[in-house]
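Okay, here's what each chain looks like letter by letter:
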Amino acid sequence: MVGSCISVSGSEAENEQPNIIFIFADDAGYADFGFHGSTVMKTPNLDAFAKQSMLFEQAYVSAAVCGPSRAGLLTGRYQQRFGYEENNVPGYMSASSRLVSHDMGLPHDQVTMGDYLKKLGYTTALVGKWHQGNADEYHPLKRGFDIFAGFRGGARSYYAYDEAHFNARPEDRWEYGFGNFKEPEKYLTDVMADDAIKIIEENKDKPLFLMLSFTAVHTPMEAEPEDLAQFPDLEGKRQTYAAMNLSMDRAIGRVLKSLEDQGIADNTIVVFSNDNGGPSDTNVSSNKPLSGTKANHLEGGIRVPFLVRWPGFVAQNSKFSEPISLLDLLPTFYHAGGGSVANLDGVDGKSLLPILEGKAKQSLHDALYWKKENRAAIREGDWKLIRFPDRPAQLFNIAEDETEMNDLASKNPELVKRLYKKLFEWELTLERPTWMLKREYEGMAMERMDRYWDEE
């Protein structure tokens, strides 16, 4: 099998382990890619990549906001199991939180994707956004990564800051390794591509795991003039968004080309995805035809683009239409690197290798779950139940109504009761949140969803 170094049931790493490159966008709209049908956005590199890949039509993150979503994918576990239920944003947290400010971060007893792959002999690298704790104790180099070029926080400018800025937000500093701070000398998306390419070049002769964690297209809305000029028919934030998206696509194209230049593309797994649904009310992204936005449990908040390329192993231009989770990434990478998934303790994700090689046609999960305080959702088969804090639960058949316009709860009371109970039984296995946002933000989240419906 060209490009493959393991058997699907394999238990030990062999000599020719595949490199693994995980490319992660930030706040991108589900509909804002050519491979998802956009005729407005320009994403030629990702569109070409999609034709070489398997496209997963129903890929879900484990949270509708970025911090918890990343905690889930990095551990392969529902992040609520270890109390990481809400974003860790200093200054916005409830005083009753056990941890606040810079003490919030990915718990030390959690084993990360980097930890697992290091055990298999991989060099592990993270470029870009971390958002798993600002304090030194949570630094990526202490959480399974050998190489770090990025920033510790959740969002920052695409241009260099002056020194005065860091008195208020030290987590925004661009950092190489540990404590070596140097602000970017050009547009940040380009800097990330430069750093990723350098890491690939310096590690081409040994197995490499690289997570390239872009900030695009998260706010602030900042774009290069030459990219803005590519969208003369757009204006305002939508024009800026399109330019930022184009810049990210070009950066991804450069990284993919570097794999070809180094002669390692055929033995490299490349995955592209996004951390949560697009926040159409802040960066004017589009999740159409999905309803909702970032921060809620409608499809537009939790379903994300997902592409996997592995030459000789994954059929080109193929699709998988059943639900998967980004929790599946850790066991998939570990399995592909030669590890036995039986050695993954307490992981909720499933290895996607049976799907990638065309042997599995159904979802690997009996159900998928989401929770944020009183709000929660469960997806079982084609059915999805959403629980709200201020109105009755809603029930949708996603196979027939992915826009979630037809609430079937009143027609299926027994199903609602069963799913409601199943969701609660899952919640009983979780930890209490280690930190919590002020309660007012839950009210704002519901108002945000209602504004979306009013605009629609």
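A brief look at the structure comes next. Quantities reported herein were computed from a predicted structural model and do not represent experimental measurements.

1. Concerning the packing of helix α4 (residues 188–202) against helix α6 (residues 236–261)
One can describe the packing of α4 onto α6 by two numbers: an axis separation of 9 Å at closest approach and a directional angle of 10°. In this view, α4 runs roughly parallel relative to α6, as classed from their interaxial angle. Judged by residue contacts, Thr189, Asp190, Ala193, Asp194, Ala196, Ile197 and Ile200 of α4 engage Ser247, Met248, Arg250, Ala251, Arg254, Val255, Ser258 and Leu259 from α6.

2. What to know about empty space enclosed by the protein
Under the defined criterion, the tally for this structure stands at four cavities of 30 Å³ or more. Taken as a whole, the largest cavity spans an internal volume of roughly 50 Å³. For the lining of the largest cavity, the elements supplying multiple residues, two or more each, are β14 (383–387) and α12 (440–455). No other element matches the three residues that α12 contributes to the lining of the largest cavity.

3. So, the sheet that holds strand β12 (residues 368–372)
Ordered in space as β12-β13-β14-β15, the four strands form an open sheet in which the pairing is antiparallel. Each edge of the open sheet is held by one strand with a lone partner, namely β12 and β15 (394–397). Averaged over all pairs of adjacent strands, the angle between their axes in this sheet comes to 10°, without regard to strand direction. Bridge count between β14 and β15: four bridges; the pairing is antiparallel. Across the sheet, Lys384 pairs through a bridge with Phe396, a residue of β15. In the packing of helix α11 (residues 413–427) onto the sheet, the strands contacted are β12, β13 (375–380), β14 and β15, and the crossing angle to β13 comes to about 110°.

4. Some points on the side chain of Ser97
Tracing the backbone through its elements, the reader meets Ser97 in the loop between α2 (66–75) and α3 (113–119). Overall, the relative accessible area of 10% leaves Ser97 in the buried class. At 2.9 Å, the side chain of Ser97 forms a polar contact with the backbone oxygen of Ser94. Side-chain polar atoms of Ser97 contact the backbone nitrogen of Met436, separated by 2.9 Å. Residue contacts for Ser97: discarding those within four places in its chain leaves Thr434, Trp435 and Met436.

5. A word on the layout of surface pockets
Taken as a whole, the largest pocket holds about 1,000 Å³ of empty space. Lining the largest pocket are 39 residues, with Val65, Asn87, Val89, Lys294 and Arg448 positioned closest to its centre. For the lining of the largest pocket, the element with the highest residue contribution is α12, accounting for six residues. Partitioned by chemical class, the residues of the lining of the largest pocket number 16 nonpolar, eleven polar and twelve charged. Of the residues contributing to the lining of the second largest pocket, the split by class is five nonpolar, one polar and seven charged.

6. Let's talk about the environment of Lys359
Here Lys359 is to be found in the loop between α10 (353–356) and β12. On the basis of relative accessibility, which here comes to 64%, the residue Lys359 falls in the exposed class. Within the structure, the side chain of Lys359 is placed 3.2 Å from the side chain of Glu357, a separation counted as a polar contact.

7. A few points about the environment of Trp130
Relative to the helices and strands, Trp130 resides in the loop between β3 (123–129) and β4 (147–151). Separated by 20 residues in the primary sequence, Trp130 and Gly150 have C-alpha atoms spaced 7.3 Å apart. Excluding residues that lie within four positions of it along the chain, Trp130 makes contacts with Arg70, Leu74, Tyr138, Pro140, Arg143, Phe145, Phe151, Arg152 and Gly153. At 3.0 Å, the side chain of Trp130 forms a polar contact with the backbone oxygen of Tyr138.

8. Details of the pattern of salt bridges
In the structure shown here, the tally under the stated rule is 36 salt bridges. The partner of Arg81 in a salt bridge is Asp348, and the shortest N-O contact between them spans 2.8 Å. Here Asp348 lies in the loop between α9 (329–336) and α10 and Arg81 lies in the loop between α2 and α3, a separation of 267 residues in the sequence. We classify Asp348 as buried; its relative accessible area is 16%. For Asp366, the salt bridge identified is with Lys422, shortest N-O distance 2.7 Å. Placement of Asp366 in the loop between α10 and β12 and of Lys422 in helix α11 is noted, with a sequence separation of 56 residues between them.

9. Let's talk about the packing of helix α1 (residues 44–51) against α6
Where α1 meets α6, the axes come as close as 7 Å, and the angle between the chain directions of the two elements is 50°. If you check the angle between α1 and α6, you find them oblique. Within the contact between the two elements, α1 uses Pro44, Asn45, Leu46 and Phe49 and α6 uses Asp249, Arg250, Ile252, Gly253 and Leu256. Residues of the contact of α1 with α6, tallied by class, amount to five nonpolar, two polar and two charged.

10. Details of unusual backbone geometry
Of the consecutive residues Ala216 and Val217, the connecting peptide bond is found in the cis state with omega at 10°. Within the secondary structure, Val217 is located in the loop between β7 (208–213) and α5 (225–228). Looking along the chain, the bond that leaves Thr219 and enters Pro220 is cis, with omega of 5°. Looking at the element boundaries, Pro220 is found in the loop between β7 and α5.

Cut-offs applied
Residues numbered from 1 in each chain as written. Predicted model: local features only at pLDDT ≥ 70, side-chain atom pairs only at ≥ 80, totals over all residues. Heavy atoms only, no water. Axes fitted to C-alpha atoms, helices over the stretch in contact; angles between N-to-C directions. Helix = DSSP H or I, 4+ residues; strand = E, 2+ residues; numbered from the N terminus. Parallel < 35°, antiparallel > 145°, perpendicular 65-115°, else oblique. Contact = heavy atoms within 4.5 Å. 1 Å grid on protein atoms, 1.4 Å probe; cavity = no way out; pocket = protein on both sides within 12 Å on 5 of 7 lines; lining within 4 Å. Points joined across faces, edges and corners; volume = space filled by probe spheres on them. Pairing = 2+ DSSP bridges. Buried < 20%, exposed > 50% of the residue type's maximum accessible area, 1.4 Å probe, protein only. Polar contact = N/O pair within 3.5 Å; in protein donor to acceptor, adjacent residues only side chain to side chain. Nonpolar A, V, L, I, M, F, W, Y, C, P; charged D, E, K, R; others polar. Salt bridge = Lys/Arg side-chain N within 4 Å of Asp/Glu carboxyl O.

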